[in-house]
Amino acid sequence: MQGMIRIWKFRDAPKHLQDLHSRGTDATWVMEAPAEMSGEVESMIEERSHLLADVARYALADGTVIFFGRYAPARNQASGGGA
């Protein structure tokens, strides 16, 4: 059976995962990926890098990979005029 990817808000993640990342805030997400899926997950994160910020990667002894990140702030698409 292939493992599952799990995602939490930082504050809802297991404490042992929160302890890996000292910069977690309410805006931070945590993703746990089994070793056999880590390459796919890294590709997905790279493809969406324009939407993400401050992504950090940690490899655990069992091969599980933990990612921390947050969504990038929205960019102002227009300047001036607007209501």
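> So what exactly am I meant to see when it comes to the pattern of salt bridges here?
Here the structure, examined in full by the defined rule, presents six salt bridges. A salt bridge links D54 to R70, with the nearest nitrogen and oxygen atoms 2.8 Å apart. With D54 in strand β3 (residues 52-59) and R70 in strand β4 (residues 65-71), the pair connects residues that are 16 residues apart, well separated along the chain. Relative accessible area serves as the criterion here: at 48%, D54 is assigned to the partly exposed category.

> For this particular structure, what's the right way to read the packing of aromatic side chains?
The geometry of an aromatic ring pair is captured by two quantities: the separation of the ring centres and the angle between the planes. Counted by the stated rule, this structure contains two aromatic pairs. When the centroid spacing of 6.2 Å and the interplanar angle of 55° are considered together, the rings of F10 and F68 count as tilted. With F10 in the loop between β1 (6-9) and α1 (15-18) and F68 in strand β4, the pair connects residues that are 58 residues apart, well separated along the chain. As far as the burial class goes, F10 and F68 line up, both buried. Taken together, a centroid distance of 5.4 Å and an interplanar angle of 90° make the contact between Y58 and F68 edge-to-face.

> Would you explain the sheet that holds β4 in this entry?
Backbone hydrogen bonds hold the strands of a sheet together, and the pairing may be parallel or antiparallel. Spatial strand order, β1-β2-β4-β3: four strands in an open sheet with antiparallel pairing. The sheet is open, and its two borders are formed by β1 and β3, each paired with just one other strand. Between one strand axis and the next, the sheet turns through 20° on average, direction left out of account. Looking at chain direction, β1 and strand β2 (residues 28-33) are connected through four bridges and run antiparallel. By the bridge assignment for β2, I7 is matched with M31.

> Just checking my understanding: could you explain the nonpolar core for this structure?
For soluble globular proteins, the rule of thumb is that nonpolar side chains tend to be buried together. Counting eight residues, the largest nonpolar core consists of W29, M31, A33, V41, I45, L52, V65 and F67. Among the elements that take part in this core, β2 stands out by supplying three residues, more than any other. Not counting residues within four places of it along the chain, the set of residues in contact with A33 comprises I5, V41, T64 and V65. Counting residues in hydrophobic clusters, the runner-up holds seven residues, among them W8, F10, L17 and V30.

Reading the values: the criteria
Residues numbered from 1 in each chain as written. Predicted model: local features only at pLDDT ≥ 70, side-chain atom pairs only at ≥ 80, totals over all residues. Heavy atoms only, no water. Salt bridge = Lys/Arg side-chain N within 4 Å of Asp/Glu carboxyl O. Helix = DSSP H or I, 4+ residues; strand = E, 2+ residues; numbered from the N terminus. Buried < 20%, exposed > 50% of the residue type's maximum accessible area, 1.4 Å probe, protein only. Phe/Tyr/Trp six-rings, centres within 6.5 Å; stacked < 30°, edge-to-face > 60°. Pairing = 2+ DSSP bridges. Axes fitted to C-alpha atoms, helices over the stretch in contact; angles between N-to-C directions. Core = buried A, V, L, I, M, F, W, Y, C linked by side-chain atoms within 4.5 Å. Contact = heavy atoms within 4.5 Å.

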